[in-house]
Number of protein chains: 2
Amino acid sequence: MLKGKILVAQGGGPTAVINHSMAGVVIESRKIASVDRVYGAYHGVRGIINEDFFDLTRETTHNLEMVGDTPCSGLGSTRDKPDEKYCGEIFKVLRAHAIETFFYIGGNDSSDTLRILSEQAKAADYPLVCVHVPKTIDNDLMVNDHVPGFPSAARFVALAFAGANLDNRALPGVYVAIVMGRHAGFLTAASALGRKYEDDGPHLIYVPERVFSLDDFVKDVREVYNKYGRCIVAASEGIHDESGQPIITKLAKQVERDAHGNIQLSGSGALADLLTDYIKDHTNITRVRGDTFGYLQRSFLGCVSDVDQREAREVGEKAVQYAHFGDSAGNHTGSVTIHRVGTYAVEYQLSPLADIAGKTRVMPDEFLHENNHDVTPAFVDYLQPLLGSGMPATARLRLNRVAKILKAG
Amino acid sequence: MLKGKILVAQGGGPTAVINHSMAGVVIESRKIASVDRVYGAYHGVRGIINEDFFDLTRETTHNLEMVGDTPCSGLGSTRDKPDEKYCGEIFKVLRAHAIETFFYIGGNDSSDTLRILSEQAKAADYPLVCVHVPKTIDNDLMVNDHVPGFPSAARFVALAFAGANLDNRALPGVYVAIVMGRHAGFLTAASALGRKYEDDGPHLIYVPERVFSLDDFVKDVREVYNKYGRCIVAASEGIHDESGQPIITKLAKQVERDAHGNIQLSGSGALADLLTDYIKDHTNITRVRGDTFGYLQRSFLGCVSDVDQREAREVGEKAVQYAHFGDSAGNHTGSVTIHRVGTYAVEYQLSPLADIAGKTRVMPDEFLHENNHDVTPAFVDYLQPLLGSGMPATARLRLNRVAKILKAG
């Protein structure tokens, strides 16, 4: 049963719908009479350590709805990945404030934090319920059919490529755009949903699930360019060679590493520039342009899937239901997971934290074309219903050609 | 009077609404009984040279409306800037096909092409009516209050910064985004319309109308970062030092030049990377990220101002009216220009081609803050009505802080 003080926090990279999950947790838990207070931690687990709490029982429902419609973690976020010691510090604060339920909205790292915390609570015989509320634009959480945040980011990527394709059709050349995704290519693959006509780009889609070869890249681009007089490429920031070495480190002189020793992939246009330079150096194509979608793909205001919004809200509500009523097996702690039913609906389950924690899901083979640079119709069928309603369409003039006079014959 | 064969073409960079101007020209001119055929040139003036014409009298109104709603030149575009000789070739083709009216949708280069062409026609005593239909995302055409294409691109930039601001608030650091604009800063300045709260970014806006100093840049960023713990920068791709040298050439080892000898600014993430590296090297701020909005700002599907759409359509219709009925002074040839009335409406005029041709309008001083890194309220008032209806709003949680227990006192 949900009672006393409960806490909600948001971790990791922002998404377009992450605040709907927060609003779902807050609004639903405030309806439960045994709940005294709903706290929000400012900037995720770091906010807990610093005892930076907001009292969300003093926030209006109207404003929670408005914040729900606003992209990016309204409670702030953090890149901290707590270990046992860090979790011990969190646990101390939860105890001091008599917080007995913790909802953490985040990806597989956030799930891992809850796994450690719930074990520490058990060992200390402290009655802590931990519910992981899923979010990530990478769509890389195990067990889930898909994850809130991904559909809206996928919508952005599809619409960005649909526009870039039209731009490139008006002024032909080679266009390379880099999409977020270190290990999972779902978001890059979403670029395929921007296509309508047979010759529409992206013509080449490279994801981290497949080995990237610079030789094949040049060959692929040349082939498409010779066929259509232009070529659009979608590539994940995490593309790598057969040894697993990221392409960015093969081509770049300097690379930046984050606090965890990972190579910094986002927040720089380096990979797009390196790939366009490589094409310029290895072909005689002159107009070669590169873009990196960067932070826009997870934060752009006004590009959101209504399906994603609703599901983000539902995982927040389901988290409260599991914490309060438990699932059918009587579990209260766990990760809310999304499961697809028919075409198209979803069911939710409470899955063990350990099934999601620290694990990464990548694209299954059935979604990737055997040519190594495209997706399959199965992936299009998978993603289509997630993009939401009101997807703008494109149209072309029909080619009613006029006979030449001066150059006739 | 509009009669016989008429021609429409699109030149220069695509915009989100350029096809509404084309649809306006085609649909309105087809209503005139004395018009035999409406041709569209495929890829601008180059399409004329190649006699690549489509017969748009065989296109349905329904499809023209659908193409109107589709971003990027549906007739294709070109970067060719015709000189006297090139215009002579165009003139030959127009004559051969007995085309007596030419509507060219484009920026100041397209206007210049029409200026040369109409002089050549006059000299040859050929009855050619030339009407320039304005478009550009740069908003840099003389005489006009603003130019179709700019409002939708401005909407994209404002929404991109509004989102980037929320992202940066969730995960603080320095964020630099590069916006298109070689000489005119209007589009970069549009980033200011993404702000709502006092501490919202962009905190620093750098445009080509002002001298950019790397020393001041570091000082400005440090000041904002010390105040808010984060800093968002909007910079035009064309920022330059006091000698006029582009910053990209000061910092980059290699630069690419286009066919006209101009330094290639778009289609690369170099400037953002150079500016973020400069901040990393000259401050102790660790999280510094850069994005380049690239082609998305002029082509993204589904980000359009309805005001812009309507006006783009109207300039197409007005062009046909001027060509057919003439303006009040009896002129048929010229450039359709937009003039603001009250708050907010527009009037159209037919202005002499020479007043627009080859000239560049930049931001007036009244739009630029004297601190050299912001816009004035006058600019916000100028741009606000152009962004169109349905601009998404953002909301924040209210800061109802909870008293600390462990760290109390």
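What counts, and at which threshold
Residues numbered from 1 in each chain as written. Chains lettered and ligands numbered in written order. Predicted model: local features only at pLDDT ≥ 70, side-chain atom pairs only at ≥ 80, totals over all residues. Heavy atoms only, no water. UniProt positions renumbered as here; feature names shortened; annotations may be inferred. Helix = DSSP H or I, 4+ residues; strand = E, 2+ residues; numbered from the N terminus. Rg over C-alpha atoms; globule rule 2.2 N^0.38 Å. Buried < 20%, exposed > 50% of the residue type's maximum accessible area, 1.4 Å probe, protein only. Contact = heavy atoms within 4.5 Å. Areas by Shrake-Rupley, 256 points an atom, 1.4 Å probe, with all protein chains shown as cover. Lys, Arg positive; Asp, Glu negative; His and termini not counted. Charge placed at Lys NZ, Arg CZ, Asp CG, Glu CD. Pairing = 2+ DSSP bridges. Axes fitted to C-alpha atoms, helices over the stretch in contact; angles between N-to-C directions. Least-squares fit on C-alpha atoms with pLDDT ≥ 70 in both. Phe/Tyr/Trp six-rings, centres within 6.5 Å; stacked < 30°, edge-to-face > 60°. Lys NZ or Arg CZ within 6 Å of the ring centre and 35° of its normal. Buried area = accessible area lost by both parts, 1.4 Å probe. Salt bridge = Lys/Arg side-chain N within 4 Å of Asp/Glu carboxyl O. Polar contact = N/O pair within 3.5 Å; in protein donor to acceptor, adjacent residues only side chain to side chain. Nonpolar A, V, L, I, M, F, W, Y, C, P; charged D, E, K, R; others polar. Core = buried A, V, L, I, M, F, W, Y, C linked by side-chain atoms within 4.5 Å.

- The name given to chain A in an unreviewed UniProt entry is Pyrophosphate--fructose 6-phosphate 1-phosphotransferase, with Candidatus Defluviicoccus seviourii as the source organism.
- Taken verbatim from the UniProt record of chain A, the Subcellular location (unreviewed entry) comment is "Cytoplasm".
- The record held by UniProt for chain A lists under Sequence similarities (unreviewed entry) the comment "Belongs to the phosphofructokinase type A (PFKA) family. PPi-dependent PFK group II subfamily. Clade 'B2' sub-subfamily."

**Digging into the overall build of chain A**
At step 1: Scanning chain A from N- to C-terminus turns up 14 helices and 11 strands.
At step 2: In terms of overall dimensions, chain A is globule-like: its C-alpha atoms have a radius of gyration of 23 Å, near the 22 Å expected for 409 residues.
At step 3: Taking the principal axes of its C-alpha atoms as reference, chain A extends roughly 85 × 45 × 35 Å.
At step 4: Expressed as a percentage of its 409 residues, the buried residues of chain A come to 64%.
At step 5: Counted over contacts in chain A with a minimum sequence separation of 6, partners at least 24 positions apart contribute 77%.
At step 6: Total accessible area computed for chain A in this model is approximately 14900 Å², and 47% of it derives from carbon and sulfur atoms.
At step 7: Where the 43 positive side-chain charges of chain A centre and where its 51 negative ones centre are 5 Å apart.

**Remarks on the sheet that holds strand E10 (residues 334-341) of chain B**
Residues and elements named next belong to chain B.
At step 1: Spatially, seven strands are ordered E3-E2-E1-E4-E5-E10-E11 in an open sheet, and the strand pairing comes out mixed. Across the chains shown, the open sheet's two edge strands, defined by having one partner strand only, are strand E3 (53-55) and strand E11 (345-351). Averaged over all pairs of adjacent strands, the angle between strand axes in this sheet comes to 25°, irrespective of strand direction.
At step 2: Both strand E5 (residues 129-134) and E10 contribute to a ladder of two bridges, which runs parallel. Each bridged residue has a counterpart across the sheet, and for His132 the counterpart in E10 is Ser335.
At step 3: Where helix H1 (residues 18-29) meets the sheet, it contacts strand E1 (4-10), strand E2 (35-41), strand E4 (99-106) and E5, and its direction lies at approximately 175° from that of E1.

**What to know about the UniProt feature "binding site: diphosphate" (unreviewed entry) in chain A**
Residues and elements named next belong to chain A.
At step 1: UniProt's entry tags Gly13 with the feature "binding site: diphosphate" (unreviewed entry), counted in the numbering of this structure.
At step 2: Positionally, Gly13 belongs in the loop between strand E1 (4-10) and helix H1 (18-29).
At step 3: The class of Gly13 is buried, set by a relative accessible area of 11%.

**Re the UniProt feature "site: Important for catalytic activity" (unreviewed entry) in chain A**
Residues and elements named next belong to chain A.
At step 1: As recorded in UniProt, the sites labelled "site: Important for catalytic activity" (unreviewed entry) are Lys135.
At step 2: Mapped onto the elements, Lys135 comes out in the loop between strand E5 (129-134) and helix H6 (150-170).
At step 3: Exposure remark for Lys135: the relative accessible area of 6% places this residue in the buried category.

**Considering the relation of the copies chain A and chain B**
At step 1: Superposing chain A onto chain B takes a rotation of 180° combined with a translation of 0.0 Å along the rotation axis, leaving an RMSD of 0.0 Å. When the rotation and shift are considered jointly, the pair of chain copies conforms to a two-fold rotation axis. Closest approach to the rotation axis among the C-alpha atoms of chain A is made by Gly269(A), whose C-alpha sits 2.2 Å away.
At step 2: A shared binding surface is used by both copies, with 100% of the interface residues of chain A retained as interface residues in chain B.

**Comments concerning the packing of aromatic side chains**
At step 1: Per the stated rule, a full pass over the model turns up 35 aromatic pairs over all chains.
At step 2: Taking the centre distance of 4.9 Å and the plane angle of 50° together, the rings of Tyr42(B) and Phe54(B) count as tilted. Linking Tyr42(B) in the loop between E2 and helix H2 (44-49) with Phe54(B) in strand E3, this pair joins segments that are 12 residues apart in sequence. An identical accessibility class is assigned to Tyr42(B) and Phe54(B); each is buried.
At step 3: Centroid distance Phe379(B) to Tyr382(B): 6.0 Å. Interplanar angle 35°. Geometry classified as tilted. With Phe379(B) and Tyr382(B) both in helix H14 (residues 377-383), this residue pair falls three residues apart, about one helical turn.
At step 4: Taken together through their ring pairs, the aromatic side chains of Phe156(A), Phe161(A), Phe293(A), Phe300(A), Phe156(B), Phe161(B), Phe293(B) and Phe300(B) make up a single cluster.
At step 5: A cation over a ring is seen here: Lys318(A) above Tyr322(A), with NZ or CZ 5.0 Å from the ring centre.

**Notes on the interface of chain A and chain B**
At step 1: Tallying the contact residues gives 90 residues for chain A and 90 residues for chain B.
At step 2: Summing both sides of the interface, chain A and chain B together bury roughly 7400 Å²; the carbon and sulfur share of this comes to 57%.
At step 3: The salt bridge partner of Asp52(B) is Lys404(A), with a shortest N-O separation of 3.4 Å.
At step 4: Seen at the junction of chain A and chain B, the total is 39 residue pairs in polar contact (both at pLDDT 80 or more).
At step 5: Secondary-structure elements contributing two or more residues to the side of chain A that touches chain B are strand E3 (53-55), helix H3 (61-68), helix H4 (84-96), H6, helix H10 (270-282), strand E9 (288-292) and helix H11 (296-299) of chain A.
At step 6: By residue class, the composition of the side of chain A that touches chain B is 42 nonpolar, 27 polar and 21 charged.

**Notes on the nonpolar core**
At step 1: With 88 residues, the main nonpolar core has Phe379(A), Leu383(A), Phe379(B) and Leu383(B) as its most contacted residues.
At step 2: If we ignore the near neighbours within four places in the chain, the residues touching Phe379(A) are Phe186(A), Ala189(A), Ala190(A), Leu193(A), Met363(A) and Phe367(A).

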